[in-house]
Amino acid sequence: MTFDAAYILVSLKVAIRFLHVTLLLSVIPLAVGIAVGTPIAVCRKFRVRAVSQAANILIPVLKGIPLVLYVLILNFLILKPLDRLAPYYAWADRLRVMDKIYIGIAAMSAWAAVTISETMRSALNSVPAGQYEACFSVGLTRTQALRRIIMPQALKFAVPVLCNNFIGLIKGSSIVYVIGILDILGGAMTSAQINYRFLEAYIAAALIYWMLCLTVERVSWRLEKRFKLKTGG
Amino acid sequence: MGKLFDAALVFDYMPAILSRIHITFLIVAVAVAGGTFLGLLLALARLRRVPVLNAAAVFYISFVRGTPVIIQMFIVYYGFPLLLGLAGIDINRWGRLNFVLVSYVLNNAAFMAEIIRSAVASVPAGQTEAAWSVGLSGFQTLRRIVLPQAFLTAFPAFGARVVNAMQDTSLAFTLGVLDMLGQAQAIGIRTYHVLEGYVVVALVFIAASLLLEKSFSWMGKKLLPN
Amino acid sequence: MIQVRGVRKSFGKNEVLRGVGFDVKKGGVVVILGPSGSGKTTLLRCINFLENADDGEMTIGDLSVRFKHATKKEILRVRRRTAMVFQSYNLFNNKNAIENVMEGLVTARKIPVAEAYETAKRQLDKVGLSGKYDAYPSQLSGGQQQRVAIARAVSLNPEVILFDEPTSALDPELVGEVLAVMRAVAREGITMLVVTHEMSFAHDIADHVLFMDGGLVVEEGTPREIFTRPKEPRTRQFLDRILLKYDYSI
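What you see as residue numbers is a count from 1 along each chain, following the sequence as written. Ligands are numbered from 1 and chains lettered from A, in the order in which they are written. Since the coordinates come from a predicted model, pLDDT governs what is reported: local features require at least 70, and pairs of side-chain atoms require 80 or more to be given and counted, while whole-chain, interface and lining totals use all residues. Excluding hydrogens and water, the side-chain values take into account all heavy atoms of the structure.

## Observations regarding the sheet that holds strand β5 (residues 63-66) of chain C
All names here are of chain C.
- Taken in spatial order, the four strands make up an open sheet running β2-β1-β4-β5, and their pairing is antiparallel. Strands at the two margins of the open sheet, each flanked by one partner only, are β2 (14-24) and β5. Taken over all neighbouring pairs, the strand axes of this sheet differ in orientation by 15° on average, direction set aside.
- Here, any two strands with at least 2 DSSP bridges between them count as paired. The way it works is that DSSP assigns letters per residue, a run of H or I at least four long becomes a helix, a run of E at least two long becomes a strand, and they are numbered from the N terminus. Strand direction decides the pairing type here: strand β4 (residues 55-60) and β5, joined by four bridges, are antiparallel. Bridging across to β5, T59 finds its partner in S64.
- Contact definition: two residues touch when any of their heavy atoms are within 4.5 Å. Angles shown run from 0 to 180 degrees and are taken between the N-to-C directions of axes, each axis being a line fitted to C-alpha atoms and, for helices, limited to the stretch in contact. Those strands touched by helix α1 (residues 40-47) are β1 (2-11), β2 and β4, and its axis lies near 65° from that of β2.
- Its contacts with the sheet put helix α2 (residues 72-81) on β4 and β5, and the angle it makes with β5 is roughly 125°.

## Comments concerning the pattern of salt bridges
- What counts as a salt bridge is simple: a side-chain nitrogen of Lys or Arg found within 4 Å of a carboxyl oxygen of Asp or Glu. Inspection of every chain in the model, using the stated rule, returns 21 salt bridges over all chains.
- For C:E15, the salt bridge is made with C:R8, and the minimal N-O distance between the two is 3.2 Å.
- Each residue's exposure class comes from its accessible area (1.4 Å probe, protein chains only) as a fraction of the maximum for that residue type: buried when under 20%, exposed when over 50%, partly exposed otherwise. Taking relative accessible area as the criterion, C:R8 reaches 35% and is therefore assigned partly exposed.
- As a salt-bridge pair, C:K95 and C:E103 come within 3.6 Å of each other at their nearest N and O atoms.
- Here the residues in one salt-bridge network are A:R44, A:K63, A:E118, A:R121 and B:E213, joined through shared partners.

## Examining the domain arrangement of chain B
- What fixes the domain bounds is an automatic or database domain assignment. As far as domains go, chain B holds domain 1 (1-20 + 178-226) and domain 2 (24-154).
- The straight-line distance from the C-alpha centre of domain 1 of chain B to that of domain 2 of chain B is 30 Å.

## Observations regarding the interface of chain A and chain B
- Listed per partner, the contact involves 34 residues of chain A and 36 residues of chain B.
- By convention, the term buried area covers the 1.4 Å-probe accessible surface removed from two parts as they join, with the contributions of both added. Across the chain A to chain B interface the summed buried area is about 3,200 Å²; carbon plus sulfur atoms make up 78%.
- In terms of surface lost to chain B, no three residues of chain A exceed A:F76, A:Y202 and A:W210, which account for 20% of the buried area on that side.
- Our enumeration of links across chain A and chain B arrives at one salt bridge.
- The shortest N-O distance in the salt bridge between A:K63 and B:E213 comes to 3.9 Å.
- Here a polar contact is taken to be a pair of N or O atoms separated by no more than 3.5 Å, where protein atoms must pair a possible hydrogen donor with a possible acceptor and residues adjacent in sequence count only if both atoms sit in side chains. The interface formed by chain A and chain B includes six residue pairs in polar contact (both at pLDDT 80 or more).
- Listing elements by their share of the side of chain A that touches chain B, those giving two or more residues are α3 (49-63), α4 (67-85), α8 (142-172) and α10 (198-230) of chain A.
- Element by element, the count of residues in the side of chain A that touches chain B is highest for α10(A), at 10 residues.
- Looking at side-chain class alone, the side of chain A that touches chain B contains 28 nonpolar, two polar and four charged residues. Residues are grouped as follows: Ala, Val, Leu, Ile, Met, Phe, Trp, Tyr, Cys and Pro are nonpolar; Asp, Glu, Lys and Arg are charged; every other residue, Gly included, is polar.

## Description of the interface of chain A and chain C
- Between chain A and chain C, the residue contacts involve 20 residues of the former and 26 residues of the latter.
- For the chain A and chain C pair, buried surface summed over both sides reaches about 2,000 Å², with 53% attributable to carbon and sulfur atoms.
- At the boundary of chain A with chain C, the tally comes to two salt bridges.
- With a closest N to O distance of 2.5 Å, C:R45 and A:E133 form a salt bridge.
- Applying the counting rule to chain A against chain C returns 11 residue pairs in polar contact (both at pLDDT 80 or more).
- In terms of residues, the side of chain A that touches chain C owes the most to one element, helix α7 (residues 129-137) of chain A, which gives seven residues.
- When grouped by side-chain class, the residues that make up the side of chain A that touches chain C number seven nonpolar, 10 polar and three charged.

## Focus on the packing of helix α2 (residues 21-47) of chain B against helix α5 (residues 96-121) of chain B
Residue and element names in this part refer to chain B.
- Here α2 crosses α5 at 45°, and the two axes come no closer than 5 Å. It follows from the interaxial angle that α2 and α5 lie oblique. Helix-helix and strand crossings are classified by hand; for α2 and α5 the assignment is right-handed.
- Residue composition of the contact of α2 with α5, by class: 23 nonpolar, five polar and three charged. These descriptions rest on fixed angle ranges, namely under 35 degrees for roughly parallel, over 145 for roughly antiparallel, 65 to 115 for roughly perpendicular, and the rest for oblique. Each crossing gets its hand from how the near helix is turned against the far one by less than a right angle, where anticlockwise is left-handed and clockwise is right-handed.

## Some remarks on unusual backbone geometry
- You will see that B:R49, though not glycine, has its phi angle at about 50°, which is positive.
- Judged by relative accessible area, B:R49 falls into the exposed class, the value being 61%.
- Unusually for a residue other than glycine, C:N90 sits at a positive phi of about 55°.
- Locating C:N90 in the fold gives a position in the loop between β6 (82-85) and α3 (97-108).

## Let's talk about a positive patch on the surface
- A cluster of basic residues, A:R218, A:R222, A:K225 and A:R226, forms a positive patch at the surface.
- Among the structural elements, A:R226 can be located in helix α10. Each patch is assembled from residues with relative accessible area greater than 30% and no salt bridge, linking like charges that lie within 9 Å and nonpolar side chains (Val, Leu, Ile, Met, Phe, Trp, Tyr) that lie within 5 Å. Under the convention used here, a 1.4 Å probe and the Shrake-Rupley method define accessible areas, while residue burial counts only the protein chains that appear. Charge assignment in this entry is limited to Lys and Arg as positive and Asp and Glu as negative, and neither His nor the chain termini are counted. The location of each charge is read from NZ of Lys, CZ of Arg, CG of Asp or CD of Glu.

## As for a nonpolar patch on the surface
- A cluster of nonpolar side chains, A:L24, A:I28, A:V32 and A:V36, forms an exposed patch at the surface whose accessible area comes to about 260 Å².
- One can find A:L24 in helix α2 (residues 19-45).

## With respect to the arrangement of the chains
- Of all two pairs of chains that touch, the greatest number of contacts is found between chains A and B.
- Where chain B comes nearest to chain C, the C-alpha atoms are still 22 Å apart, and the two do not contact one another.

Next up, the structure:
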C-alpha cells in the first residue's frame, strides 16, 4: 500500500462534519469540571469537614484511574441495566441503541471534575496567605473574600492551566471511539472504511485535533496577557 | 447472565490480569528512557537554535502535544512501515508491541523536550558566564554546571510526566496489545463479566500512580532539602 | 477600651502564649516589645482571630468574646471592630490603591461607593499618596504599600488598629516615611496596639509598653519606666542588646 496525500483531504472533509461531537465532548466536561471542581477545591482550602475529608481520600485515588477506564466502566454501568430493562420498556430499548454521546460526556465530565478540582486547588494555594488574612482583617466574610479578592487572583494562575486541561479534554475525548461514538476520530475512520486509506484518515483526524489545540493555546496566551495588564505587573 | 458486579470475581481475575503488568512496565520504561534521550536532543536543537533542526523540533513538538496519543499510535502503526520501506527496511513482521513502544517513545520525546528546554532556560545566564570565565568549554558548561541545576528544576515536571506516561499506556490495548486492559477484555468476552476486570485494572493503576507520585515527591524532597 | 485576659496558644507541643492579659485605653497607644519568638505576633493574630487561641477572653467596647468558643458571627464582629497592618503589607494584589482602601468600606461595611471613594481619597491624601490612587501594589514601593495599608486600616474607623511589625520588611531608607504616618495616626487619637522593634517610636509615642518574653508579659509600664528603670533582668538584657543595635534611632 502506498501513501496518497489526496486521500487526507477526502478524510478531512468527512471528519470535520463531526467537529461538533468532539466540541460537545470537551466543552461540556470543561464547564462541569469547573462547576464541580471549584467548590471541592474551596472546601478543601477552608477545611470544610465532611467534604474536604472525603475529597482528600477520593481525589488522589480517582486521579490514578486512566480516562479510558472512566469511559469503559461508565459505558458498562449505563448500558447493562438498560439491556435488562429493554425487553420490558420501550424507552430503555431506545436509549440503548441511541448515540452514546451522553455516556462519553458523563465519563469525560467525571474525569474533568477530578482534574480541574486539582487545578483550582493549586490556584487557590497560589494566592499568598497574607491576601486571605488581609481580607479577614478588613472584615470580609469568606464568601466575599473569595469572590472579590482571592478568585480574581487565583484565576491569573488558573486560566493557563485550565486551557491546558481543556487541551487535555479535546485530545482525551478521542478515546470515546472505543465505545463507538462518532467524533472526529470516528468520523475519519468511517471514511477509511470505504477506501482502506487508514493512515491518511488518521493524519486527517490528527490535523483537526492539532488545529483545535493550537486555537486554544492562542486564546490562552491572549487571556494571560490581559490578566497581566489588569494588575499592572 | 449473572449479577452486574461480582466482587469475588475481582479476586479471581486479579492473578490473570496482574500477569500482564510487565507489558505496562516495559512500555513506561522504554517510553521514559527513550523519550528522555530523544527529548534531550530535541531540546538541544531548540536551545542552540540549530538552523532547520530548531524549526523541525518546534513543528514536531507542537504536533505531538496537539494531537491525541491514540492517533499517534495508529499513525506510527500504519506509517512507520511505509517510511522504513522507503529506506528498504521491511518491518511488516514486527509485533504490535514494537509499534506501541516506538509511538510512546516519540510521544514522550516531545513532552520531555519541553520540560528539559524550560528547565535549562531557567538556569540564570550568570551561571553560564561564570563557567566560561573559569575556562570551561561549551559542552563542559552544559554537562557540569547547567544540566545539574536544570535537573533539579525539571524534576517535579519529570515525575508528573512519568505518571502521565504510565496512564497513557492504558491505550495500548486499542492496537491489540495484550496488556492488563487487553486481558480484562479478553476475560470479559469469555465470561460476560468485564466490569470486574476493569475494576482490577483501575485498582492496579491507582496503586501504581500513588506509588510513583509518592516516590517522586520523596525523591524530590531528598534532592531539594530546602 | 479593650481588655484581653488569659490568652493561651500552643502550636503542637510548643506553648507560644501562656496566659497573656492587658488593657488598652481608648485613644491609647500600646507598644509590645520582646525578643523574636516571645509570642508578640501570635498575640496580635489571636486578637484578630487569624489564629484560634486555645483559651482566654476579650472585650472590645460592649462586645465580649471567649476565644475558644467564638462563633463565626462573633469573629466577624470582632474583625469589623479591628483593623490590621501587616509586616508584609498584604495589599490586595488585584486592586489599585484606592480600591484597596474602599474594599472593606464597600463590601464589609456596606458604605455607598461614592462615599467610600471620598473617604478613601481623604485617607490616601493624608498618608501622602494623592498621586497614586490608580497604582497597583506591584507599582508601589514597600513604604508606599505600607502607607496604603495604614490608610486602609484607618478608613475603617476601627476601635483599635493592630500593627504587626509594620516596618520590619522595609528597606532602611523607607522606614521613616511609615513611622511618620504612624505618628500622625497616633496624634489623631486612634487606639493602636503595635508590635515593633522601632525603639524611637515606642519611646516617643507609646503611652504604655508591654515587654513580652516566653509567652508571658514580663513587665509593663510607661515608656519612661521601661526604658530608664526596667525592673526585670530580662527586660534590661533585651533593651541593652536592641539599643546597641538600633542606637541611631533613639
